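Residues per chain are reported as follows:
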Amino acid sequence: MSSTVVVGSQWGDEGKGKITDFLSEKAEVIARYQGGDNAGHTIVFNDQTFKLRLIPSGIFYADKTSVIGNGVVLNPKSLVEELQYLKDNGVATDNLRISDRAHVILPYHILLDKCQEKTKTNKIGTTNKGIGPAYMDKAERVGIRVADLLERDTFAAKLKQNLAEKNELFVKLYDEQPLNFDDIFETYYQYGQQLKAHVTDTSVLINDAIDAGKNRPLRRRARCHARHRPRDLPVRHFVEPRRRGRDHRFRRRPDQDRPGRGGLQSLHVPCR
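From a predicted model like this one, the values you see are computed outputs, not experimental measurements.

> I'm lost on the nonpolar core in this one. Help?
Nonpolar side chains in soluble globular proteins tend to be buried together. Core analysis: the biggest nonpolar cluster contains 42 residues, and F60, L79, L86, I98, L106, F155 and L159 have the highest contact counts within it. Counting residues per element, the ones that place at least two in this core are β4 (48-52), α2 (76-88), β7 (96-99), α3 (107-119), α5 (146-150), α6 (152-172) and α7 (181-195). Among the elements that line this core, the one with the most residues is α7, at seven residues. Leaving out residues up to four positions away in the same chain, L106 has contacts with I144, F155, L159, I184 and Y188. Within the second largest apolar cluster, six residues are counted, among which are V29, A31, V67 and I206.

> What should I look at first to understand the pairing of strand β3 (residues 41-45) in this one?
In regular strands, side chains alternate between the two faces of the sheet. With five bridges connecting them, β3 and β4 associate as antiparallel partners. Looking across to β4, one finds that V44 is bridged to T49. Linking β3 back to β4 in an antiparallel pair, the connection comprises two residues, with N46 at a positive phi of about 55 degrees.

> Any chance you could explain helix α1 (residues 16-24) here in plain terms?
An α-helix turns once per 3.6 residues; consequently, residues spaced three or four apart project the same way. Buried residues of α1: K16, G17, T20 and S24, and no others. All buried residues of α1 lie within an arc of 95 degrees about the axis, which places them on one face of the element. Of the residues in α1, the exposed ones pointing more than 90 degrees away from the buried face are K18 and F22.

> What am I meant to see in the confidence of the model for the chain here?
Detailed reading of the predicted model is not advised wherever pLDDT is low. Confidence in the prediction of the chain, expressed as mean pLDDT, is 80, and 76% of residues score 70 or more. Least confident of the elements in the chain is strand β12 (residues 247-250), whose mean pLDDT is 37; most confident is strand β8 (residues 103-104), at 98. Low pLDDT (under 50) marks residues 221-229, which in the prediction has 33 contacts with non-local residues, meaning those over four places away or in another chain. Low pLDDT, under 50, characterises residues 235-272; the predicted model gives this stretch 53 contacts beyond four residues in sequence or across chains.

> Help me understand the packing of aromatic side chains in this model?
Centre distance and the angle of the planes are the two values used to describe a pair of aromatic rings. Here the structure, examined in full by the defined rule, presents seven aromatic pairs. Summarising the aromatic geometry, the rings of F45 and F60 are spaced 5.0 Å apart at their centres and angled 35 degrees between planes, so their arrangement reads as tilted. A residue pair is termed long-range when its members are at least 10 positions apart, and F45 in strand β3 and F60 in the loop between β4 and β5 (65-68) qualify at 15 residues. Relative to F185, the ring of F181 has its centre 5.2 Å away and its plane inclined at 15 degrees; by these criteria the two rings are stacked. Taken as a pair, F181 and F185 lie in helix α7 at a separation of four residues, close to a single helical turn.

> How should the environment of K77 be read in this particular structure?
If you trace the backbone, K77 turns up in helix α2. Residues K77 and T187 lie 110 residues apart in sequence; the distance between their C-alpha atoms is 9.0 Å. Contact partners of K77, with chain neighbours within four places excluded, come to Y188 and Y191. Side chain to side chain, K77 and E81 meet in a polar contact 2.8 Å long.

> In this structure, what is going on with the packing of α6 against α7? I would like to understand it.
For any two helices packed against each other, one specifies the inter-axial angle together with the distance between the axes. Where α6 meets α7, the closest approach of the two axes is 11 Å, and the angle between their N-to-C directions is 145 degrees. Between α6 and α7 lies a crossing whose hand is right-handed. Contacts from R152, F155, A156, L159, K160 and L163 in α6 reach F181, I184, F185, E186, Y188 and Y189 in α7. Considered class by class, the residues forming the contact of α6 with α7 number nine nonpolar, no polar and three charged.

> Got a minute to help me understand the pattern of salt bridges in this structure?
Any two side chains of opposite charge can pair, so long as their charged atoms come close to each other. Throughout the structure, instances matching the rule amount to eight salt bridges. Notably, a salt bridge pairs D137 with K166, separated by 3.1 Å at the nearest N-O pair. One end of the pair, D137, is in helix α4 (residues 131-139); the other, K166, is in helix α6, and 29 residues separate them in sequence. The residue D148 makes a salt bridge to K158 at a minimum N-O spacing of 3.2 Å. Remark: K158 occurs in helix α6 and D148 occurs in helix α5; sequence separation between them is ten residues. A relative accessible area of 12% means that D148 is categorised as buried.

What counts and how
- For every chain, the first residue of the written sequence is number 1, and numbering continues from 1 along that sequence.
- Reporting of local features is limited, given that this is a predicted model, to residues whose pLDDT is at least 70; pairs of side-chain atoms are given and counted only at 80 or more, and all residues count toward the totals for whole chains, interfaces and linings.
- Side-chain metrics in this entry use all non-hydrogen atoms of the structure; hydrogen atoms and water are not considered.
- Residues belong to a common nonpolar core when they are buried Ala, Val, Leu, Ile, Met, Phe, Trp, Tyr or Cys residues joined through side-chain atoms within 4.5 Å.
- Here the term buried applies to any residue with accessible area under 20% of the maximum for its type, exposed to any over 50%, and partly exposed to those in between, with areas from a 1.4 Å probe on protein chains only.
- Only DSSP runs of H or I covering at least 4 residues are called helices, and only runs of E covering at least 2 are called strands; the numbering of each starts at the N terminus.
- By definition in these notes, contact holds between two residues if any of their heavy atoms fall within 4.5 Å.
- DSSP calls a pair of strands paired once it identifies at least 2 bridges connecting them.
- The arc in question is formed by the directions pointing from the helix axis toward the C-beta atoms.
- Each residue carries a pLDDT value, the predictor's own confidence for that position, ranging from 0 to 100.
- Within 6.5 Å between ring centres, the rings of Phe, Tyr and Trp (the latter by its six-membered ring) count as paired, and their orientation is classed by plane angle as stacked under 30 degrees, edge-to-face over 60, tilted in between.
- Polar contact is the term for a pair of N or O atoms within 3.5 Å; when the atoms are in protein, one must be able to donate a hydrogen and the other to accept it, and sequence-neighboring residues count only if both atoms are side-chain atoms.
- Only the stretch in contact is used when fitting a helix axis, every axis being a line fitted to C-alpha atoms; angles between N-to-C directions are given from 0 to 180 degrees.
- Two helices that cross are described as forming a left-handed crossing if the nearer one is turned anticlockwise from the farther one by less than a right angle, and a right-handed crossing if clockwise.
- For this classification, Asp, Glu, Lys and Arg are treated as charged, while Ala, Val, Leu, Ile, Met, Phe, Trp, Tyr, Cys and Pro are nonpolar and the rest, including Gly, are polar.
- In what follows, salt bridge is the name for a side-chain nitrogen of Lys or Arg lying within 4 Å of a carboxyl oxygen of Asp or Glu.

As structure tokens, this is what we get:
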């Protein structure tokens, strides 16, 4: 079974939320798989207006599964508040699933976002939500994931290491006060415990839905670069060796098979 993917080709505000909400009626799984809580979408449900920043609009369908995928950078504080906001307004959230591989936005990402923007000559107009720095940590393979947030010892060890490095930047480069480990650790660990019931391996969930022939999982993303390998998925998912005698080659698309493009090439695969 194929999936329906909503991709915005601009820098946002194209109406992805409206389209996703419209298509959600015919999907059984509605997944968000990129971005953070910097933007949002407004939904009118049963004559009541809701504004969401992280949770997919499919949450309003009790018989459908809503997914926050591994490509999202997740602010636990914002998500806990959004879940409470929905519960206070009579919306059940039992059908929400959160990827255990999604990276977490922490206070040092937000401060770093502000510091970097303040020192730029040509400012990009960041929303200071820490999204860019969180993706930087993901690319550098030092980010903290939701799965790490749930394990007390793992979270403590990774937070100490990351905070030590970030505090060097804050003090020596940006002339800011260092952040305190104790001010962050217990609060964000408790956020993780509040979200724990929703956390799962969402890649298995979505692939099982496709294998079961469920009606087109719906995925939404702001901008999608399908030829770039997501750093939270192993390289084996994107290359496939084939044997020619004793020589191993890698499959590539025909349009990549031209002079100067030899060696390992990424496959054109659906974004996650």
